[in-house]
Every structure is written in structure tokens, then in C-alpha cells.
Amino acid sequence: MPTPRLLVLFGSQTGTAQDVSERLGREARRRRLGCLVQALDSYPVVNLINEPLVIFVCATTGQGDPPDNMKNFWRFIFRKNLPSTSLCQMDFAVLGLGDSSYAKFNFVAKKLHRRLLQLGGSALLPMCLGDDQHELGPDAAIDPWLHDLWKKVLDLHPVPLDLGIIPTGIPLPSKFTLQFLEEAPVTHSEEQHVARTDPQDPPSELHPFLAPMVSNQRVTGPLHFQDVRLIEFDITGSGLSFTAGDVVLIQPKNIAPHVQQFCQLLGLDPDQCFTLQPREPGVPCPVQLPQPCSVRRLVSQYLDITSVPRRSFFELLACLSPHKLEREKLLEFSSAQGQEELCEYCSRPRRTVLEVLCDFPHTAGAIPPDYLLDLVPLIRPRAFSIASSLLAHPSRLQILVAVVQYQTRLKEHRRGLCSSWLASLDPEQGPVRVPLWVRPGSLTFPETPDTPVIMVGPGTGVAPFRATVQERVAQGQTRNFLFFGCRQRDQDFYWEPEWKELEKRGCLTLVTAFSREQEQKVYVQHRLRELGPLVWELLDHQGAYFYLAGNAKYLPVDVSEALMSIFQEEGGLSSPDAAAYLARLQRTLRFQTETWA
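Residues numbered from 1 in each chain as written. Predicted model: local features only at pLDDT ≥ 70, side-chain atom pairs only at ≥ 80, totals over all residues. Heavy atoms only, no water.

An unreviewed UniProt entry annotates the chain as NADPH-dependent diflavin oxidoreductase 1 originating from Equus asinus. Recorded in UniProt under Subunit (unreviewed entry), the annotation for the chain is "Interacts with CIAPIN1; as part of the cytosolic iron-sulfur (Fe-S) protein assembly (CIA) machinery. Interacts with DCPS." Note on the chain: under the UniProt heading Subcellular location (unreviewed entry), the record states "Cytoplasm, Perinuclear region". (UniProt positions renumbered as here; feature names shortened; annotations may be inferred.)

This is the structure:
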């Protein structure tokens, strides 16, 4: 009798949905179910009509947007010509991950659940809505939901009596085996490894371009609380092309002291080389990883040892631990009852994988190398808005980077992996190359030359609009209106001389909000309201496009409320009509946002 198959498909932006999906895969295997876990855009979506049992795990990003690795699936599943019986053979469940402080909490999961029902699918149980705002995180909703899910699934596919469920204390086989080589192979430089096989192909995640860093300049004043960098790369000969609104992805690395400490804890020789083999047929090796590979390279460039470990990390670590006391503590952290304590130990202070392993040294020293890729997630590339136009800076690419650094109750400062790594690179001390590639962003701009553009970009949110203004000015488009906000004129007013020069030339209307230069704080939404007549004239009578970039938590709501107020006061609209007007702007792409948490 063939093993019943469960398909788990995920859309993940930061890795949480992927981690939950991997957990589902492990729990399925413990129940003797065959299980395939895959990103939605990696799965051939036309095959869904043949799948009997599918769990969808999807995050909601920005203002109700699907993650990048499910956007193709999203477009396909909402095609109007799909028959209403397309998925009539499918039992499904949807698990959503979101943050209830945002207006469109779990919007993607809710919309997907409705669409699957419209296409004839049968819901095994109501959708799960995980919430980052809960004191225990998404697991507060996920744990009881999974309990109900497995009851439903096992009613359909009971565990064979002669096998039984594999207990949670017994580790499942690792996904891969590391076969260490007795002799070090002839090594290739990083440049050789990432070089594109076909120079006609643009750089990609598999084959990034190693861009020389030209300059790395701090652009905030010495008294400003945050170190913000303007970084420029030379992309001559890269094949890279981009327009305003596009983003660059950068693959960061762990610093050498952390790599050395990790190898010492686990008893690994950083110079030893290995090849990677999957245990099961059909399971691909991580395509980014060269074969053969050194331990040093694996740890420095691929394993995210400074990430905050998730619950699944503690579950596997407990299975692998030979030390009684450490194992008991790890089991407690991985249990449903221990989530408050785990949150206090790990999530709240942002304790890293490396720091946890230091706290459990006997367990760390006993981790079989085969489990490294099961235990530690891969480093994810970081996306930055491109802050320059090729029309103004040919063969150059610039980004504006806020260096992430903050203090928790732990002694050592918390640091963002990518921003701190980039800030540490100094091209004046010698050649520096950074692996990067480009993809389209979420902002698209009107091609008609006379269409006005209103841009609201406080802080580093102004980065994509610098590219926009440069591009539009080079094309002779001068109806550019920029609302910029920061704390103080002399500390974090990015590109002030450039904006002033464009104002003099009549190419830009600049409106500023310096929040800390008067007793009462003033933000960009206040400036919008003050200039309500102009905003209404541009939007309603001149067909302007409106753009917003910045922090996702408060800015979109504050700016939307300011616009609603303008529509009512200047346009004489009722509150429902103002809401409908705003929705129409969004639907016709005349109101676009690019926000980040």
C-alpha cells in the first residue's frame, strides 16, 4: 500500500512560514505520512488539481501583500478563467502568519482560503491566524490548530498499526549527510564559484555579481543616534540593469570571530572539506552551496548563526543532546508549556543561535555534522531600495543603509547581520567585493511625461525616490513633489544639497518635516494636511500618482488618514466616499507603497 502524501506549500518572506512548514513536514513523517515541503513558486501549480491533501502556510507582508516566493502562484490562482471545480478533489487547510498591529492582518491567508473554497476545495478545518503580537508569538494559535489538524488528517490516513507514531524524543534522520574528504580538493576562488556560466544572463541568487565597493560613507551627523551609510558599487560589465523602484539583494556573511567560535563549540575543523548528499531521492541539495565545500565557507557564508533560533531549533537540539540537564531544559523550551520561558530566554532579548549553543556546550559539542543544515537556517539575502538611477550615475549602484544596532538585557549589543557587515567594509583599505543581484521592486512609475508624482519618504524611505527623481529629471519630467521627514536638519537630512539644487532648477518641489526641531513633533502626514489643497489639486484634477515608502507599522495608516482628511475637506467627500476614492487610487496603481517592518 503506497504511503499517503501530504503536500505543504509555503509563502515566506522572513523564514517563519518556511520554518512552520518544515515543522509540519517533521510531524507528518512522525505519523508515517509521506510529505513534500516546497515554496509555492517552486511548485508546478497546474499539478494542484491532482493533489488530495495540501496545507498552505503563508505570511502577509507590507500592506496585505503576498511574499516574494508565492507571487507567481498568487497571480495564477486568481485567474478568472479557472473552473469552479478545479480543486474539487482537494482537502486543504490554510495557516496564516501575520501581525495584528497592521490593518490587513493575515490578509493573504484569508483571501487564499476564500479562493480555494471558490475553486471547489474542501477545508479540513477553519484557517489558523498566527499573530506576532501575541505574547507567545504565532505558536499560541498554531499549537492547538495543529492538534486539530492531525486528528483530521489521521482520520483520513491512520498510522499503520504495525509502525505507530515516532516519539518526539527520537530524532528523525537528517536531510543530508556530510561526507568529509580526506584530502582537501583543489579550491576555487569565490569569484570562480559565483561567476555566471552565460555572460548574457543577468546576475541572480545562484550567480550573483561580485560588485566592487567604491565608497562607504556615513551620512548622519556625529550626534545622530543611528549610523546610516551611503554605499556605492561599480557594476561595470555586470549585465545589471534597473529602473526607479527596483531593489538590490545582497548576500551577507558572518564575521570571522563568530565563525571560529561556532567551529570550536561543535569541534569542527574549519579547513576540512566535505560533499553533501541528500538522504532521500528527489530532495535537492541547497543550490547555493558549492560541492565540495569547506566547513569555514559553510559557516561563514551560508549558516545564519546570528539569527534568533525558533522553537524547532530547540526541539532538534533536545533530540540530539546527550547531557541530562541540558536535554531537560531544551525539552522544556520546545514544549507547548515552555513557550513563555523560551520567549523570555530567547525571543525578547534576541539571543542568537551561537549564544544558545554557548549556553548548552555539552549538547553543542555532540551535534553530528549531518544535522547542521537541519538545525541552522541558511542566511537569507537582504533587499535594499536602489537609491540611484543609471541615467544619472552610469555603471554605478547606490544604496542607503541604516545600520541596525540596539541593546537588550544581554551584555553584547544586537547587530543586524547585513547592515553591520556592510558598514564594516572599507574600500579605502583594499579591494572589497559584495555579492549582489537586482529584482523588480513593488513601485512602478507613470511613463507619460506630464503626470505629476507625489512621493512621501521619511528617513531612509526616501532612498527609492532619489532614484525616481534622478530618472525623471534626466527624462525631462519636472513635476516631482517630495515630502521628506527626519529628526533634525543638521543630522539626518539625506542629500540636502542635491534636493536644493533640483529645487533651484525647477525640477523638484521639496516639503520637509523635521520632527525634533520644535516642541511639538511634526511628521510628513502633518505637512500633507497643511498642503491639502495642493495634494487634492494634483490627485483629482491633474491625475497625479502618489507613492509612500518607509516603516510599515505606523506610516501607512497615518498617511492614509491624512489623505482621507484631505479628500473630505478639499474634495467635499463623505467618509465612505473618501474611503472609496482612496481604494480606487490603490486599485488603479495611483497610490503605491513600499514598506518594511
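Back to the write-up after that little detour.
Enquirer: Quick rundown of the sheet that holds strand β19 (residues 480-486)? Include the residues and the values.
Expert: If you trace the 5 strands from one edge of the open sheet to the other, you get β20-β19-β18-β21-β22, paired in parallel fashion. In this open sheet, the two strands that pair with only one neighbour each are β20 (509-514) and β22 (591-596). For this sheet, the mean angle separating the axes of adjacent strands, direction not counted, is 10°. With 6 bridges joining them, β19 and β20 adopt parallel strand pairing. Within β20, the residue paired with Phe484 across the bridge is Thr512. (Pairing = 2+ DSSP bridges. Helix = DSSP H or I, 4+ residues; strand = E, 2+ residues; numbered from the N terminus. Axes fitted to C-alpha atoms, helices over the stretch in contact; angles between N-to-C directions.)

Enquirer: Any details on the UniProt feature "domain: FAD-binding FR-type" (unreviewed entry) in the chain? Residues and values, ideally.
Expert: Here, the residues flagged by UniProt with the feature "domain: FAD-binding FR-type" (unreviewed entry) are residues 206-446. Here residues 206-446 is 29% helix and 21% strand, with 32 Å between the C-alpha atoms at its ends.

Enquirer: Describe unusual backbone geometry, naming the residues involved and giving the relevant values.
Expert: Of note, the bond from Gln291 into Pro292 is cis; its omega dihedral lies within 30 degrees of zero at -10°. Position of Pro292 relative to the elements: it lies in the loop between β11 (273-278) and β12 (293-294). Phi angles above zero are rare outside glycine, and Trp495 is one such case at about 60°. Relative to the elements of secondary structure, Trp495 occurs in the loop between α16 (489-492) and α17 (496-504).

Enquirer: I'd love a proper account of the packing of helix α20 (residues 555-569) against helix α21 (residues 575-587), names of residues and values included.
Expert: Taken N-terminus to C-terminus, the directions of α20 and α21 make an angle of 120°; their axes are 9 Å apart at the nearest point. Taken together, the axes of α20 and α21 are oblique relative to one another. Read as a crossing pair, α20 and α21 show a hand that is right-handed. Of the residues in α21, those in contact with Ser560, Leu563, Met564, Phe567 and Gln568 of α20 are Ser575, Ala578, Ala579, Tyr581, Leu582 and Leu585. In terms of residue class, the contact of α20 with α21 is built from 8 nonpolar, 3 polar and no charged. (Parallel < 35°, antiparallel > 145°, perpendicular 65-115°, else oblique. Left-handed = near helix turned anticlockwise from the far one by under 90°. Contact = heavy atoms within 4.5 Å. Nonpolar A, V, L, I, M, F, W, Y, C, P; charged D, E, K, R; others polar.)

Enquirer: Please provide a residue-by-residue account of the packing of aromatic side chains, values included.
Expert: In this description, an aromatic ring pair is defined by two values, namely the gap between the centres and the angle between the planes. A complete count under the given rule lists 17 aromatic pairs for this structure. Between Trp536 and Phe567, the ring centres sit 5.8 Å apart and the planes meet at 55°, which makes this aromatic pair tilted. In this pair, Trp536 sits in helix α19 (residues 532-541) while Phe567 sits in helix α20, placing the two residues 31 residues apart along the sequence. Exposure class is identical for Trp536 and Phe567. Each is buried. Arranged with centres 5.3 Å apart and planes meeting at 85°, the rings of Phe546 and Phe591 form a pair that is edge-to-face. One end of the pair, Phe546, is in strand β21 (residues 545-551); the other, Phe591, is in strand β22, and 45 residues separate them in sequence. (Phe/Tyr/Trp six-rings, centres within 6.5 Å; stacked < 30°, edge-to-face > 60°. Buried < 20%, exposed > 50% of the residue type's maximum accessible area, 1.4 Å probe, protein only.)

Enquirer: Which residues make up the pattern of salt bridges, and what are the values?
Expert: When charged atoms on two side chains of opposite charge get close, those side chains can pair. Following the criterion strictly, the structure yields 27 salt bridges and no others. Notably, a salt bridge pairs Glu315 with Arg311, separated by 3.6 Å at the nearest N-O pair. In this pair, Glu315 and Arg311 are both assigned in helix α8 (residues 311-320), 4 residues apart and thus about one turn of the helix distant. Glu315 gets classed as partly exposed once you look at its relative accessible area, which sits at 22%. (Salt bridge = Lys/Arg side-chain N within 4 Å of Asp/Glu carboxyl O.)

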